[in-house]
Amino acid sequence: MASASSANHILLSPPPSLPSLLPPPSTAKFPHISFPRNYLSHSSLIRSQPHLPCFITNAAALNTAQSPNIVSLSKTTDPDHTTNTAKPTILVSEKLGEGGLDLLRSFADVECLYGMSPEQLCKEISRFDALIVRSGTKVSREVFQAANGRLKVVGRAGVGIDNVDLQAATELGCLVVNAPTANTIAAAEHAIALLASMARNVAQSDASVKSGKWQRTKYIGVSLVGKTIAIMGFGKVGSEVARRAKGLGMHVISHDPYAPADRARAIGVDLVSFDDAISTADFISLHMPLTPTTSKVFNDDTFAKMKKGARIINVARGGVIDEDALVRALESGVVSQAALDVFSEEPPPSDSKLLQFENVTLTPHLGASTKEAQEGVAVEIAEAVVGALRGELSATAVNAPMVPAEVLSQLAPYVLLAEKLGRLAVQLVAGGEGIKAVKVVYRSARDPDDLDTRLLRAMVIKGIIEPISDSFVNLVNADFTAKQKGLRISEERVVVDSSPENPIDSIQVLISNTESKFASAESEHGNVSIEGRVKYGIPHLTRVGSFSVDVSLEGNLILCCQVDQPGMIGRVGNILGEQNYNVSFMSVGRTVKRTKAIMAIGVDEEPDKNTLKKIGEVPAIEEFVFLKL
C-alpha cells in the first residue's frame with residue numbers, strides 16, 4: 001500500500017519550527033478529548049527568538065481559535081504596568097548553597113526569604129519571575145494564582161516534586177524544573193554505608209556498648225565478600241551502588257527493564273528477571289522510583305519468594321515496600337535484617353513496629369545529606385532556573401508549555417493513541433535483557449515534511465518509560481530521557497494512499513532485540529509489534545504481531561492466543577461473567593482459518609489471579625496476557 005517511505009533516527013536538537021500548513025482549529029472536532037497534565041509540551045524551539053514562545057495559559061484555549069499568550073522568560077514584566085526591568089527577580093524560600101546563590105546573583109536580583117508561611121508566600125510571590133524551593137515549601141495552586149502571571153519558573157532543589165502542584169503550574173504557564181543528578185553519589189554511598197553497617201551490626205553494637213554492655217557473641221555479623229546483592233533499579237544511583245559492591249567482592253545482579261545488558265556487563269553486573277533477582281540474592285538494595293507499578297511491589301508475595309534470611313536496604317522511596325508485609329517477613333525470619341532510610345510516612349509514627357526491631361537499622365532520609373551533594377544540588381538547580389529564564393530548554397523540566405492549539409486540535413486523539421501504544425508495548429516485554437531499540441512508524445497521506453511528529457514521538461516514549469519510572473516525559477525532555485535510559489528511538493514515515501485530511505493513518509510501535517511475554521505479539525522479524533489508528537476520534541488497537549484486531553484502547557485488555565475453533569468467545573466470556581467482570585468488547589483476529597487466532601477482550605476491572613488462571617486453563621488457549629491501558 002505504501003508508495004514511498006523515509007526512515008531516520010531522531011535528532012536531539014529538534015527542527016526549527018512547527019509546520020505552517022495546518023488548517024485552523026475546530027471548536028468541536030474532538031469534544032470528548034481531555035488532556036492530562038503531561039500532554040502539555042513546549043511549542044516552538046526557534047533559537048533566533050529571545051523568548052520561550054506560545055504558552056497556553058488556560059485549558060479552555062484548546063477549544064478556541066484564539067492565539068495563545070506569548071510569554072517572555074528573559075524579561076520581567078510587572079503585571080500591573082507595561083514597563084520591563086533589566087533583570088529578572090528570583091525568590092529563594094529555603095536555604096540554598098552559596099555556589100547556587102552566587103550563580104543566581106550573577107544573572108538576577110535574588111531575595112532569600114526563609115521560613116515564610118503559605119499566606120506570606122502568596123503575598124510576596126507576585127514580585128518574582130522565579131521561585132526556588134526545597135521540600136519544605138508547598139507551591140500550591142493558590143501560590144500560582146497569587147503570582148498573577150508573573151511567575152515563570154519554579155525550581156525544586158532536589159528530585160521529588162510532591163510539594164509542587166504540577167497541574168496548576170502547567171495550566172498557568174509556569175515551567176517546573178528539578179535537580180535530579182547532583183545527589184547520586186551521596187545516595188549510593190549511603191546505601192553502601194547501610195549495607196556494611198547492617199552486615200556487621202554497627203548501630204546495634206554501638207547502642208549496646210553505650211548502655212554499658214559488652215556483647216561480642218550477640219553481634220556476630222556476616223561477610224560481604226562472595227555474597228550476591230540484587231540491585232533493584234539500575235539507574236544513576238543503582239549503577240553506582242553496583243560499582244561499589246563489586247569493589248567489596250560481591251556478586252552483583254540487577255533487575256531493570258530499561259538497563260542495556262552491555263552497559264551492565266561492562267561493570268560486571270548480570271541483568272536478570274525480577275523473580276530471579278529476589279529469589280537468589282543475599283542482599284537486596286532498592287533503587288527504583290515510586291510509581292503506580294512499583295507501589296508496595298515488595299509485599300507478602302514478594303517476600304515469600306526470597307531466600308530465607310535475605311537482607312534489604314532501601315534508600316529509594318518508602319512506598320515501594322509494604323511496611324506491614326515487611327514486619328511479617330521480619331517476624332517469620334524470611335527477612336533477617338533491614339536497613340531503611342525512607343518510609344511510607346516520614347517521620348514514621350511512634351507506634352510503627354519497624355521501630356521495635358533490633359535487627360532493623362533506620363536513618364532519617366539521609367541519602368542526599370552530604371555537604372558536597374547539597375552544594376551540587378544548589379548549583380544544578382540554579383543553572384536550570386537561569387537557563388529557563390534565558391529562554392533555554394532544560395533537560396530537567398518536569399512539565400512544559402503547550403504546543404499551539406491548532407496543532408493539538410489535529411493531533412489530540414493521536415497523542416492519546418501514541419501514549420497507549422507505548423504503554424502496551426512495554427507491558428509486552430518480558431524483561432531480563434532490557435529495552436534497547438524502539439522504532440515508531442507513521443503511515444500518512446501527507447508529505448513527511450508536512451508532518452511534525454515530535455509530540456507523538458514524545459508520547460510513545462512517555463508511554464514506554466513512565467509506567468515503571470519516576471521520569472516525567474514531555475516534548476522538552478522526551479529524547480533526553482530516552483537517551484538517559486539507553487533507548488535508541490528511530491522513526492519512519494510511510495506515505496500511503498489515504499485521506500490527507502487526517503494527519504495520521506496509523507502508528508506502529510516496534511521494540512527490537514528483546515523477548516516478549518506474549519509470543520504472538522512478535523512480528524515475523526522477531527520484534528514486539530503493535531499498531532493502532534484513530535477511528536471516530538477514539539484510539540484503537542488494530543494489529544498485534546501479525547494478527548489483525550480491532551479494539552478500543554480504554555479500560556483493560558486481555559489478549560489470548562488460541563486455537564481457532566467455535567465457542568471460544570463464549571467460554572472466556574462465561575469465565576469472566578461468572579466472576580462478575582464486565583466485558584466491554586471482544587475482537588478476534590486470525591491469519592488462516594482454523595489455525596491460530598488472537599482474541600482481544602476489554603474488561604472494566606482487573607480480574608483477580610484465580611479468574612486469569614481459569615482463562616489460562618482453557619485447553620485451546622496457548623498463551624494470554626493481561627494489559628493495563
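Because the structure is predicted, anything quoted here is derived from the model rather than measured.

*Asks:* Run through the overall build of the protein chain, naming residues and quoting values.
*Replies:* Secondary structure summary: the protein chain contains 17 helices and 25 strands in total. Across the 629 residues of the protein chain, 54% fall into the buried class. Long-range contacts, defined here as pairs at least 24 residues apart, represent 69% of the contacts in the protein chain between residues at least 6 apart. When the accessible surface of the protein chain is summed, it comes to about 27300 Å², and 51% of that surface belongs to carbon and sulfur atoms.

*Asks:* Could you give me a rundown of unusual backbone geometry, with the residues and numbers involved?
*Replies:* Across the junction of E346 and P347, the peptide omega takes the value -10°, indicating a cis bond. Summarising the element assignment, P347 is placed in the loop between β14 (335-340) and β15 (360-362). Positive phi values are uncommon outside glycine, yet N148 reaches one of about 55°. Checked against the element boundaries, N148 lands in the loop between α3 (141-146) and β7 (153-156).

*Asks:* Lay out the side chain of Q562 with the relevant residues and their values.
*Replies:* Structurally, the position occupied by Q562 is in strand β22 (residues 556-563). When near neighbours in sequence (up to four residues on either side) are disregarded, Q562 contacts M568, T595, K596, A597, M599, A620, I621 and E622.

*Asks:* Could you give an account of helix α7 (residues 236-247), naming the residues involved and the relevant values?
*Replies:* Between its first and last C-alpha atoms α7 spans 17 Å; for 12 residues at 1.5 Å apiece the expected length is 16 Å, and the two agree. Here the buried face of α7 lies against α5 (184-199), β9 (228-232), β10 (251-255), α8 (261-266) and β12 (283-286). Phi turns positive, to about 85°, at G249, one or two residues after α7.

*Asks:* So what's going on with the sheet that holds strand β6 (residues 130-133)? Which residues, and what values?
*Replies:* Strand order in the open sheet formed by five strands is β5-β4-β6-β7-β8, with parallel pairing between adjacent strands. The open sheet has two free edges, formed respectively by β5 (109-112) and β8 (175-178), since each of these has just one partner strand. Each adjacent strand pair in this sheet contributes to an overall mean axis angle of 20°, direction not counted. Across the face of the sheet, helix α1 (residues 98-105) comes into contact with β4 (89-92), β5 and β6 while running at roughly 140° to β5. Contacting β4, β6, β7 and β8, helix α12 (residues 371-389) crosses the sheet at an angle of about 170° to β7.

*Asks:* Go over the sheet that holds strand β25 (residues 621-628), please, and point to the residues and values.
*Replies:* The strand order across the open sheet built from four strands is β23-β24-β22-β25, with neighbouring strands paired in antiparallel fashion. A strand with exactly one partner marks an edge of an open sheet, and here the two such strands are β23 (583-590) and β25. On average, each strand axis in the sheet is tilted by 15° relative to the strand beside it, whichever way the strands run. Judged from the seven bridges that link them, β22 and β25 form a sheet pairing that is antiparallel. Note on β25: the bridge partner recorded for C560 is F624.

*Asks:* Run through the confidence of the model for the protein chain, naming residues and quoting values.
*Replies:* Within the protein chain, residue pLDDT values average 82, and 84% of them lie at 70 or more. Low pLDDT (under 50) marks residues 1-83, which in the prediction has 190 contacts with non-local residues, meaning those over four places away or in another chain.

*Asks:* Lay out the pattern of salt bridges in plain terms, naming residues and giving numbers.
*Replies:* Scanning all chains against the criterion turns up 22 salt bridges. For D275, the salt bridge goes to K305, with nearest N and O atoms at 3.5 Å. Of this pair, D275 sits in helix α9 (residues 274-280) while K305 is found in the loop between α10 (300-304) and β13 (310-314), placing the two residues 30 residues apart along the sequence. Relative accessible area serves as the criterion here: at 37%, D275 is assigned to the partly exposed category. The salt bridge partner of K596 is E622, with a shortest N-O separation of 3.3 Å. Within this pair, whereas K596 is found in strand β24 (residues 596-603), its partner E622 is found in strand β25, the two being separated by 26 residues in sequence. With a relative accessible area of 38%, K596 lands in the partly exposed category.

What counts as what
Residues numbered from 1 in each chain as written. Predicted model: local features only at pLDDT ≥ 70, side-chain atom pairs only at ≥ 80, totals over all residues. Heavy atoms only, no water. Helix = DSSP H or I, 4+ residues; strand = E, 2+ residues; numbered from the N terminus. Buried < 20%, exposed > 50% of the residue type's maximum accessible area, 1.4 Å probe, protein only. Contact = heavy atoms within 4.5 Å. Areas by Shrake-Rupley, 256 points an atom, 1.4 Å probe, with all protein chains shown as cover. Expected span 1.5 Å × (residues − 1). Pairing = 2+ DSSP bridges. Axes fitted to C-alpha atoms, helices over the stretch in contact; angles between N-to-C directions. pLDDT = per-residue confidence, 0-100. Salt bridge = Lys/Arg side-chain N within 4 Å of Asp/Glu carboxyl O.

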